[in-house]
Amino acid sequence: MGRKRWVLACVLAVGCGGDDGGNNMSTAGSETGSDGTTTDGSESSPSSDGTGSETGSDAGTDSESESDTSGEPGVDWSFADIRGVANDDDDNSEGRRDWLEPPFDADNDLEPLTLPALPEGEQVRLTIAGDTNHIRLWRGGAGAPFLGANSDAAGFEVTFTPDAGESLWVEFGEYNARGTLKLERLDAASEVLDSAEIVLHGAPLILNHHLQPAEHIWVVDLTGGCGAANGPFLAAYDALGDRVTGVPGTSYDCDRWIQDEIEFATGHDGGGARQDVTIDSIRDRGLDDVPEDLFFSADNAYNTWGKGPKTSFDSFGNLEISPPVTVDGVEYPFGRVYFGRDAQEGIDAEFADFLISQEIQAPFEVDSTWLCVGHVDEWMSWVPDKTAPRGFRFLYSDVDMAYALLEGLDQNLPLPRFGADHGYPTVGSIVDDNALRAYNEDIRDDYLLPMRARMKSELGLSEEEIIGVPSIFEELGGGCSGLGLALIPGMVNLIVANFGDGDSHLMVPDPFLRTSDNDQGADPLIAAFTAAMPGEHQLHYIDNWYSYHLLSGEVHCGTNVRRTPLVTNWWEVGAHLLGGN
Amino acid sequence: MSFARPLTLGALAVALALGCDTPDDDATPRAGAVEASVESAAPASATAGMSDAALASAVRALVPQRTRAGQLRLSSPLVNDPRALPILLERLRGEQDLSVETRAALVEALPRTGADFGAAAVGLLQTEEAPAVRAVLAAGLRRATPEHARAGAALALADADPEVREAGARVVGYLDGGEALADALVAALDDDVEGVRVAAIRSLGALKVTPAFPRLAALLDDGTPSVRLHALRALHRIDAAKAQALPGVKALARDGDPKVAAAARKLGG
């Protein structure tokens, strides 16, 4: 990846073997004044005479140095903006975020700011502004930060005499942290000879959409001693080979809902180096330690946002991302984040605010409060489709399609699964339940259609891009009084396992709308769904009846997928979305 | 896929209970193989070969699992056997210190046994202390015999706890012959709790209880938006033409609540 090396750059900058008292990170003989400025105790060196200098130093200044400066080259006082990732990972495997430690050799998340060699007597004044709580500069590896967060620099300003070619190091402690750094070159009388200002920008956290290739899949293996074990579910994922890892369920309190505890995201520095980030939900059920256990290491960060109190809305099945879209002329190259929330309840407000603060995926809300679980993944999803206008189709639950399909079937068709666990032994028993139909009509009118319109509006969707998926919801009692849940296993709650051309899979809940379990070919819903799906995918209909469906979830809920970013230059393609950039 | 595959004692016990051959040690061990044969089986066949004793033992050992929403539920084809009913009832009566959540999970499974659980449900509605459990019992009455369902729903509608009353009002709409409880539903229109009133309205609409029309029409100017919304829909379901002619319906097209206004515009034609 060509990541920078902290130690090597410092060695080159300070010139090892000099009389620096054994600390090759510090300026020889420097002293720190009470005002935070530093002065170089070395003999003054010739100042630039400005001849040929790009910075246009004062031509009237005569060097008082004994040195002949007439041939000295000009000082290039131009600097590139600095973009880095939040130092949230654990490059030294000490079990804590690197931002919480001083820089160390293995830390590859600090961005160099290399200063040119300056004539004798000149100094540099740095002034930082913006998100100074989450941006800091280091000079050398020891002690406190030099400027910015946690530093001693009063007024966010420091003046010092750099060593020739010295590099400072910029560190970011937050995603989409933004600041500016003014670099002024001062003469011996502290007059400004030159000035430059650069942007310091910590990479925003970017969540994954379904058009990004799948890299690896995680499911929870419940077969080692958990109830409602998921043998058939795991067996279906065997088709994807070693790209699937089973997290041992008995190590995590048999919590099977791995979609809900973590969300994978990425950040990229200005050089395109990638940092993987796992967002850890405040859900904090059995899988709570998975981020620390599996996804916290060098170049793998994790973090949590939100204070709670937690609800089911805080699970990450309630957080999804559209493919890249253009809406009313505005491009969203990384897609848009959406989550379930309304005025009264939904995903944690602090977490929602954090997502909004990342700007580049412009989050919006949809109303998921009508569902018992309350997750947006229960009724909509996205699948890649190379034949589609923008490369995807939007799958959306459609109760009218479901009733039309059911009414077209033999009403006496036995449905053993639905008879046993839902009280609907035949197709006709579903069709003829007036209260069930009334409930579905009501949620269609109150939620499904309005949210469909909202998705169209927020994402600029065309009708051509939308595939209706026959779905019926049942009205629950008990702790979810009056709220809805998929009666027929929600086929939109699928996993897109798109590893590459010719190697793309859709892992779909088996609807079991048939008499014989083993005869998927006789299932009218499977037939309808298969016919509607893009041909580039291999379809796998998975028995998740006992292991997920009866526990209020489906395939997507029990799976998580890490994906490869398609675009890394967020500061260019997303500039119009990043306010003030 | 990579994952650890230990053969657990639990899996072996199930294997023995089911009369299955124990997994071959030389084969790639899959602890889930035996359980898989149960969990992937169609409900009727999962327990067909099990003795009463084996099934009882297995049902006693069933542990409710956490749903995605965080509740407990028994999810196993072992439940889908009428012989499971007495075992579940035995657990309700006999297990010490059962949490409310676990009790709710056990009663939720009663209808799924396929046995005639109605009498037991009605009895439990009169003796169960936890309202949350009674509410689950009420919801399950949809699958009871009509006589037990109506008896149980009547008890639920008269319950001191609003959650139970709401569950009772809701389930009536799903019952064969639920209109026999129309008077109780109409009485529930005056309940203090919005959820009870709304559930009663919706059940009256689903059952198309014509005598309730005037009473529902009077709710079109109720102060609670959800009451107005569902009264509007119930009226339409009972008699669409008569509902459209109501002056209150046209007025609701300009209701301050967007859902109410949208419904009125749709139903008003």
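What counts, and at which threshold
Residues numbered from 1 in each chain as written. Chains lettered and ligands numbered in written order. Predicted model: local features only at pLDDT ≥ 70, side-chain atom pairs only at ≥ 80, totals over all residues. Heavy atoms only, no water. Helix = DSSP H or I, 4+ residues; strand = E, 2+ residues; numbered from the N terminus. Buried < 20%, exposed > 50% of the residue type's maximum accessible area, 1.4 Å probe, protein only. Contact = heavy atoms within 4.5 Å. Areas by Shrake-Rupley, 256 points an atom, 1.4 Å probe, with all protein chains shown as cover. Polar contact = N/O pair within 3.5 Å; in protein donor to acceptor, adjacent residues only side chain to side chain. Salt bridge = Lys/Arg side-chain N within 4 Å of Asp/Glu carboxyl O. Pairing = 2+ DSSP bridges. pLDDT = per-residue confidence, 0-100. Buried area = accessible area lost by both parts, 1.4 Å probe. Disulfide = S-S within 2.5 Å. Axes fitted to C-alpha atoms, helices over the stretch in contact; angles between N-to-C directions. Arc of directions from axis to C-beta. 1 Å grid on protein atoms, 1.4 Å probe; cavity = no way out; pocket = protein on both sides within 12 Å on 5 of 7 lines; lining within 4 Å. Points joined across faces, edges and corners; volume = space filled by probe spheres on them. Nonpolar A, V, L, I, M, F, W, Y, C, P; charged D, E, K, R; others polar. Phe/Tyr/Trp six-rings, centres within 6.5 Å; stacked < 30°, edge-to-face > 60°. Lys NZ or Arg CZ within 6 Å of the ring centre and 35° of its normal.

Engineer: Explain the overall build of chain A to me, please; I cannot follow it from the model alone.
Structural biologist: Within chain A, the secondary structure is distributed over eleven helices and 31 strands. Looking at chain A as a whole, 60% of its 581 residues qualify as buried. When contacts within chain A are restricted to residue pairs at least 6 apart in sequence, those whose partners lie at least 24 apart make up 71%. Total accessible area on chain A stands at roughly 20100 Å², and carbon and sulfur atoms take up 47% of it.

Engineer: Is there a simple way to think about the side chain of A:His549 in this case?
Structural biologist: Residues and elements named next belong to chain A. Inspection of the secondary structure assignment puts histidine 549 in the loop between strand E30 (538-542) and strand E31 (559-563). Given a relative accessible area of 3%, histidine 549 falls into the buried group. At a separation of 3.0 Å, a polar atom in the side chain of histidine 549 contacts the side chain of histidine 422. A distance of 2.8 Å separates a polar atom in the side chain of histidine 549 from a polar atom in the side chain of glutamate 554.

Engineer: What is the right way to look at the pattern of salt bridges in this model?
Structural biologist: Pairing between side chains of opposite charge can happen when the charged atoms of each approach one another. Summed over the entire model, instances satisfying the criterion amount to 54 salt bridges over all chains. Between A:Asp400 and A:Arg444 there is a salt bridge whose closest N-O contact spans 2.8 Å. Of this pair, A:Asp400 sits in helix H6 (residues 399-407) while A:Arg444 sits in helix H9 (residues 434-459); the two residues are 44 residues apart in sequence, bridging distant segments of the chain. The class of A:Asp400 is partly exposed, set by a relative accessible area of 40%. For the salt bridge of B:Lys266 with A:Asp445, the shortest nitrogen-to-oxygen distance reads 2.8 Å. In this pair, B:Lys266 sits in helix H17 (residues 258-268) while A:Asp445 sits in helix H9, so the two residues belong to two different chains.

Engineer: Would you mind showing me how to read the sheet that holds strand E9 (residues 167-172) of chain A here?
Structural biologist: By definition, the strands of a sheet pair up through backbone hydrogen bonds, in either a parallel or an antiparallel sense. All names here are of chain A. Spatial strand order, E4-E9-E6-E7: four strands in an open sheet with antiparallel pairing. Single-partner strands in this sheet number two, and they are strand E4 (111-114) and strand E7 (147-148). Note: strand E6 (residues 135-138) against E9, four bridges, orientation antiparallel. Looking at E9, one finds that tryptophan 138 is bridged to tryptophan 169.

Engineer: What is the right way to read the confidence of the model for chain A from this model?
Structural biologist: Detail in the predicted coordinates should be disregarded across regions flagged by low pLDDT. With 87% of its residues at a pLDDT of 70 or more, chain A has an overall mean of 88. Note on residues 1-72 of chain A: pLDDT is under 50 here. Beyond four places in sequence and across chains, it has 119 contacts.

Engineer: Looking at this structure, I do not really get the interface of chain B and chain A. What am I missing?
Structural biologist: Many descriptions give the size of an interface as the accessible area lost when the pieces come together. If you look at the interface, chain B gives 46 residues, while chain A gives 72 residues. Across the interface of chain B and chain A, roughly 4500 Å² is buried in total on both sides, 44% from carbon and sulfur atoms. Here chain B is connected to chain A by eleven salt bridges. The closest approach of N and O atoms between A:Glu441 and B:Arg237, which form a salt bridge, is 3.0 Å.

Engineer: How do you make sense of the state of the cysteines when you look at a structure like this?
Structural biologist: Chemically, a disulfide is nothing more than a covalent bond linking the sulfur atoms of two cysteines. Residue and element names in this part refer to chain A. For the structure shown, the criterion picks out two disulfides over all chains. With its sulfur 2.0 Å from that of its partner, cysteine 226 forms a disulfide with cysteine 254. Since a negative S-S torsion denotes a left-handed disulfide, the cysteine 226-cysteine 254 link at about -80° is left-handed. In this pair, cysteine 226 sits in the loop between strand E13 (214-221) and helix H2 (231-237) while cysteine 254 sits in the loop between strand E14 (244-248) and helix H3 (258-261), placing the two residues 28 residues apart along the sequence. With a sulfur-sulfur separation of 1.8 Å, cysteine 372 is cross-linked through a disulfide to cysteine 480.

Engineer: Explanation requested: the sheet that holds strand E18 (residues 319-321) of chain A in the structure shown.
Structural biologist: Residue and element names in this part refer to chain A. As summarised here, the arrangement of the three strands in space is E18-E21-E22, forming an open sheet in which the pairing is mixed. Of all strands in the sheet, those with a lone pairing partner are E18 and strand E22 (364-366), marking the two edges. The mean inter-strand angle of the sheet, taken between neighbouring strand axes irrespective of direction, is 30°. Sheet topology note: the strand E21 (residues 337-340)/E22 ladder contains three bridges and is parallel. By the bridge assignment, tyrosine 338 is partnered in E22 with phenylalanine 364. Packed on one face of the sheet, H9 meets E21 and E22 and runs near 165° to E22.

Engineer: Looking at this structure, I do not really get helix H7 (residues 118-127) of chain B. What am I missing?
Structural biologist: Two residues of an α-helix separated by three or four positions point the same way, owing to the 3.6 residues in each turn. All names here are of chain B. Restricting attention to buried positions, one finds in H7 the residues Gly118, Ala121, Val122, Leu124 and Leu125. Buried residues along H7 cover an arc of 165° about the axis, so they all sit on one side. Looking at H7, the residues exposed on the side facing more than 90 degrees away from the buried face are Gln126 and Thr127. On its buried side, H7 packs onto helix H5 (84-94), helix H6 (100-109), helix H8 (131-140) and helix H9 (146-157).

Engineer: I keep staring at the side chain of A:Asn87 and nothing clicks. Help me out?
Structural biologist: All names here are of chain A. The residue asparagine 87 is located in the loop between strand E3 (82-84) and E4 in this model. In terms of polar contacts, asparagine 87 uses its side chain to reach the side chain of aspartate 107, at 2.8 Å. Discounting chain neighbours no more than four positions away, the residues touching asparagine 87 are Arg97, Asp98, Trp99, Asp107, Asp109, Leu110, Glu171 and Phe172.

Engineer: Would you explain empty space enclosed by the protein in this entry?
Structural biologist: Empty space left among the atoms is revealed by rolling a probe the size of a water molecule over them. A full pass over the atoms with the stated rule returns eight cavities of 30 Å³ or more. One number sums up the size of the largest cavity: a volume of about 160 Å³. Together, 14 residues line the largest cavity, and A:His210, A:Gln259, A:Glu263, A:Val561 and A:Arg563 are the ones closest to its centre. For the lining of the largest cavity, the secondary-structure elements that each account for two or more residues are strand E15 (262-268), E18, strand E28 (495-500) and E31 of chain A. By residue class, the composition of the lining of the largest cavity is five nonpolar, six polar and three charged. If you go around the second largest cavity, you meet 17 residues; those closest to its centre are A:Ala435, A:Glu475, B:Arg202, B:Ser203 and B:Ala206. Sorting the residues of the lining of the second largest cavity by element identifies H9 of chain A together with helix H12 (194-206) and helix H14 (225-238) of chain B as the ones contributing at least two each. Of all the elements, H12(B) adds the most residues to the lining of the second largest cavity, at five residues.

Engineer: Could you clarify how one ought to interpret the packing of aromatic side chains in this entry?
Structural biologist: All names here are of chain A. A complete count under the given rule lists 25 aromatic pairs over all chains for this structure. With a centroid separation of 5.4 Å and 35° between ring planes, the pair formed by phenylalanine 316 and phenylalanine 351 is classed as tilted. Remark: phenylalanine 351 occurs in helix H5 (residues 349-357) and phenylalanine 316 occurs in the loop between strand E17 (300-303) and E18; sequence separation between them is 35 residues. In textbook terms, an aromatic cluster arises when at least three aromatic residues are bridged by ring pairs, as seen for Tyr338, Phe364, Trp382, Phe392, Phe394 and Tyr396. For arginine 97, the ring lying beneath its charged end belongs to tyrosine 302, and the centroid distance is 4.8 Å. For arginine 243, the ring lying beneath its charged end belongs to phenylalanine 499, and the centroid distance is 3.9 Å.

Engineer: Explain the pairing of E28(A) here, please?
Structural biologist: Note on strand geometry: in a regular strand, side chains alternate between the two faces of the sheet. All names here are of chain A. Within E28, five of the six residues are buried, leaving the element largely enclosed by the surrounding structure. Inspection of the sheet shows E28 paired to strand E29 (residues 503-509) by five bridges, in the antiparallel sense. Bridge pairing in E29 links valine 496 to leucine 506. In this antiparallel pair of consecutive strands, E28 and E29, the connection spans two residues, and glycine 502 shows a positive phi of 75°.

Engineer: What am I meant to see in the pairing of E17(A) here?
Structural biologist: All names here are of chain A. Neither face of E17 is exposed, since Asn300 and Tyr302 on one face and Ala301 and Asn303 on the opposite face are all buried. Taken together, the four bridges between strand E16 (residues 274-280) and E17 define a ladder with parallel strand orientation. Looking at the pairing, isoleucine 279 lines up with asparagine 303 of E17.

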